[in-house]
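One letter stands for each residue in the lines below.
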Amino acid sequence: MPPASTRLTLGIILCGLFYLLLSTRPRSPKPVLDLEYVDTANATKPKENWCQPKECASGKWEPREPPFTSLDQFQAVYANRLDVLWKGCAAIPDPDKKESDGRHSTDEERLMQVMNWTWTPYTGELRTWDAEEFMVRLLRSPGGLILIGDSITQQHFHALGYLLNQANLDFDRNPPHLPMYDHKNVRQMLLKPHDPLTRKVLERAGVPESRLERPVVTMLEEHMLIGERDIRSITERLGASKDYYWYHDFQRVPGWEQYVADAVKPRPDEEGVTEDSILLMNAGAHWSRHELAMLPPRASDKEEQVKVKETYKGMMKMIIARLSPIDRLAIFYRSTAPGHPACENSANPYADDIAAREAEKNSNITPRLKAQVEGEVKQQRARWDWDLFDVHNELWRRAIGGLMRDRAWRRSRTGMMRGAKWYYLDLWDVNLQRPDAHSEPGIDCLHWCLPSVLNEWTLHLYHNVFLQSISKDDD
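In short, a report on the structure. Small disclaimer: the values here were computed from a predicted structure and weren't measured.

1. A short note on the environment of Asn80
Alright, step 1. By secondary structure assignment, the location of Asn80 is in the loop between α3 (71–77) and α4 (103–115).
Alright, step 2. Since its relative accessible area comes to 10%, Asn80 is described here as buried.
Alright, step 3. Sequence separation between Asn80 and Asn165 is 85 residues, and the spatial gap between their C-alpha atoms is 6.5 Å.
Alright, step 4. With residues near it in sequence (within four places) discarded, Asn80 still touches Leu85, Tyr162, Asn165 and Gln166.
Alright, step 5. Within polar-contact distance, the side chain of Asn80 engages the backbone nitrogen of Leu82 at 2.9 Å.
Alright, step 6. Of the polar contacts made by the side chain of Asn80, one reaches the backbone oxygen of Tyr162; its length is 3.1 Å.

2. Points about the environment of Ser210
Alright, step 1. The residue Ser210 is located in the loop between α7 (196–205) and β6 (217–221) in this model.
Alright, step 2. Classification of Ser210 by relative accessible area gives partly exposed; the value is 22%.
Alright, step 3. In sequence terms Ser210 and Arg267 are 57 residues apart; their C-alpha atoms lie 9.8 Å from each other.
Alright, step 4. A polar contact is formed between the side chain of Ser210 and the side chain of Glu270, at a distance of 2.7 Å.

3. A look at the packing of aromatic side chains
Alright, step 1. Tallying each qualifying case throughout the model produces 18 aromatic pairs.
Alright, step 2. Ring plane angle 65° and centroid distance 5.7 Å describe the contact between Trp61 and Trp119, whose orientation is recorded as edge-to-face. One end of the pair, Trp61, is in strand β1 (residues 59–63); the other, Trp119, is in strand β2 (residues 117–121), with 58 residues separating them in the sequence. Grouping residues by exposure puts Trp61 and Trp119 together as buried.
Alright, step 3. Measuring from ring centre to ring centre gives 6.2 Å for Trp396 and Trp422, while their planes differ by 20°; the resulting arrangement is stacked. One end of the pair, Trp396, is in helix α14 (residues 389–414); the other, Trp422, is in strand β9 (residues 421–425), and 26 residues separate them in sequence.
Alright, step 4. Here Trp396 falls in the buried class, since its relative accessible area comes to 0%.
Alright, step 5. Judged by its relative accessible area of 2%, Trp422 is buried.
Alright, step 6. Taken together through their ring pairs, the aromatic side chains of Tyr244, Trp246, Tyr247 and Phe250 make up a single cluster.

What counts and how
Residues numbered from 1 in each chain as written. Predicted model: local features only at pLDDT ≥ 70, side-chain atom pairs only at ≥ 80, totals over all residues. Heavy atoms only, no water. Helix = DSSP H or I, 4+ residues; strand = E, 2+ residues; numbered from the N terminus. Buried < 20%, exposed > 50% of the residue type's maximum accessible area, 1.4 Å probe, protein only. Contact = heavy atoms within 4.5 Å. Polar contact = N/O pair within 3.5 Å; in protein donor to acceptor, adjacent residues only side chain to side chain. Phe/Tyr/Trp six-rings, centres within 6.5 Å; stacked < 30°, edge-to-face > 60°.

Structure (structure tokens):
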């Protein structure tokens, strides 16, 4: 048996080793807001039961209680003295029903059916929509909210305008003192300066009268986010001919990046206008082989889609480089919404996200699109590339996650960080579960019945903007 001194020494060594093992065990991190959405070095966990961005995007559609049973009930809930009331949504085609049987009433019934569902996150809750509070937030930023994208973004703009009008917020549109006031693809909304509700929200916002001279909501219809010159520069590196004849008529707002930079620039004489302006952006369905016809053919569809993806990545690189240097700008990239082939076969949402993903998985999309047509049209349908929507969304998700991690890393070392903040607004599952909500079943399974899921986009944006405002990211 070792002497007592030896045993004591061994005991001290063992105790030291045991202490080191315990002290080096990984500790559970403190809860913070989602890494992809906020500066985690300065994040605050809200006390209320609000869902975090990933949680908000994970849920299912549940029946509305109580359900709408008539158009009058629906229009009472969506009463609007400033806009035309929603009246119907194109009915699902019924081969056994003649037009003379009452198409109008069927359209009304479909609107009731589409609007009788509410999105419920599995975890937490979305912040209750408050149009006046949202308007106060927009007034406290130099540029308010700017939406940019294609005709589906245009639909969202329309639905958002209705929600704001529904709260009796009234607007002037495109007055001649504004830049691009006469551009066909630019729509700018300013609060009417003498309206009583305008006076109320202006006082709540605590900003000067001059803020009313600029838009609170702007829509820029820009299908590709970049123009012919940029698209040629990317595609020619991938084999496109320099002699390609440009026949495309994409809706554009040339110079939109500078428009945004000017709109969001702080005005030195405006106290209280200190919040970030918001850019809600999407580059969606037009990024396909159907539109990028200048890309040379390959041996297979898969090889051709690889080139579409590379072209899309080139566009992303340009847009990120152009927007990232802009200060006091919060950029929310909205995920592209899925199309649902044969949406006329769906009268209700999917039961949950699992059922939706199984039925709408990418490997099924193109065969189902082609199954609806005959002959050469089959290949034209394939070239819509609806199965690339989620692929492109994932490119943005990863890029924005990297941008925010880089921002947090640099801020942790410098104490502050200039330039735009990037966020990924994930609405994929919200939309994937709604094959029943498209605008014209049997004809258009890409656009949406108004207002349906588009209202949900606004609620998620509102919630995410609020989370961003409490993240202490105040550099």
